[in-house]
Amino acid sequence: MIKENSFCSLIDEVIKDVFCKTTGIHLQNCQRNDIADGDVCTVYTVFNGGYKARMAFCAQRSMMKRITENMLEEPVTDAEDIVEYMKELLNVLCGHIVAAVFSRTKTAARFQPPCFAEGCYLPEGEDPDGVIHICYMNDYAESAMLLHDQFPRSANEM
């Protein structure tokens, strides 16, 4: 569920836009999904610099395979391709997010190289209860969830 503020909405729109342009997959928000019950994997990173934040994209393995095949424009036969393409997708997503945060706050940050994990995973952070969850579903009823810390809405929040 997206918290009611324009900054979370901005992150959500960046995710949907980049997904559509990069993978051809349209993500739709949903109230809940059963992602924790399925065969899921996670790509994640940590932002450092003018602000600190964690971000993780958890998705059903079938969605990650579909994403990779769309990016490759051919069937995937090697599971390592999924790992590498999902890391690259998170790189692209985070680059757009850093730019959006900078545009709003004039505060710069960098993100660590993305990592891949089996299951739903979020690196340890300062506020485990402050994590925002945004649930998604694609046109094939595959589920995903974006987890992230609150990003600063202004330079005063650093």
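Here we summarise the structure given alongside this text. As the structure is a computational prediction, the values presented were derived from the model and not from experiment. (Residues numbered from 1 in each chain as written. Predicted model: local features only at pLDDT ≥ 70, side-chain atom pairs only at ≥ 80, totals over all residues. Heavy atoms only, no water.)

### Points about the packing of aromatic side chains
Line of reasoning, step 1. Enumeration over the complete set of coordinates arrives at six aromatic pairs.
Line of reasoning, step 2. Ring geometry for Phe19 versus Phe57: centroids 5.3 Å apart, planes at 40 degrees, classification tilted. Taken together, the residues span a long stretch of sequence, with Phe19 in helix H1 (residues 6-23) and Phe57 in strand S3 (residues 53-60) at a distance of 38 residues. Residues Phe19 and Phe57 agree in their burial class; the two are buried.
Line of reasoning, step 3. Look at Phe47 and Phe151: their rings are 5.2 Å apart centre to centre, the planes differ by 80 degrees, and that puts the pair in the edge-to-face class. With a gap of 104 residues between them, Phe47 in strand S2 (residues 40-49) and Phe151 in the segment after strand S7 (143-148) connect regions that are remote in the sequence.
Line of reasoning, step 4. Under the relative-accessibility criterion, Phe47 is labelled buried at 0%.
Line of reasoning, step 5. What makes Phe151 buried here is its relative accessible area of 1%.
Line of reasoning, step 6. Aromatic ring contacts, followed pair by pair, group Phe47, Tyr51, Phe111 and Phe151 into a single cluster.
Line of reasoning, step 7. Sitting above the plane of the Tyr140 ring, Arg66 keeps its charged end 3.6 Å from the centroid. (Phe/Tyr/Trp six-rings, centres within 6.5 Å; stacked < 30°, edge-to-face > 60°. Helix = DSSP H or I, 4+ residues; strand = E, 2+ residues; numbered from the N terminus. Buried < 20%, exposed > 50% of the residue type's maximum accessible area, 1.4 Å probe, protein only. Lys NZ or Arg CZ within 6 Å of the ring centre and 35° of its normal.)

Shape is all these values report; function is a separate question.
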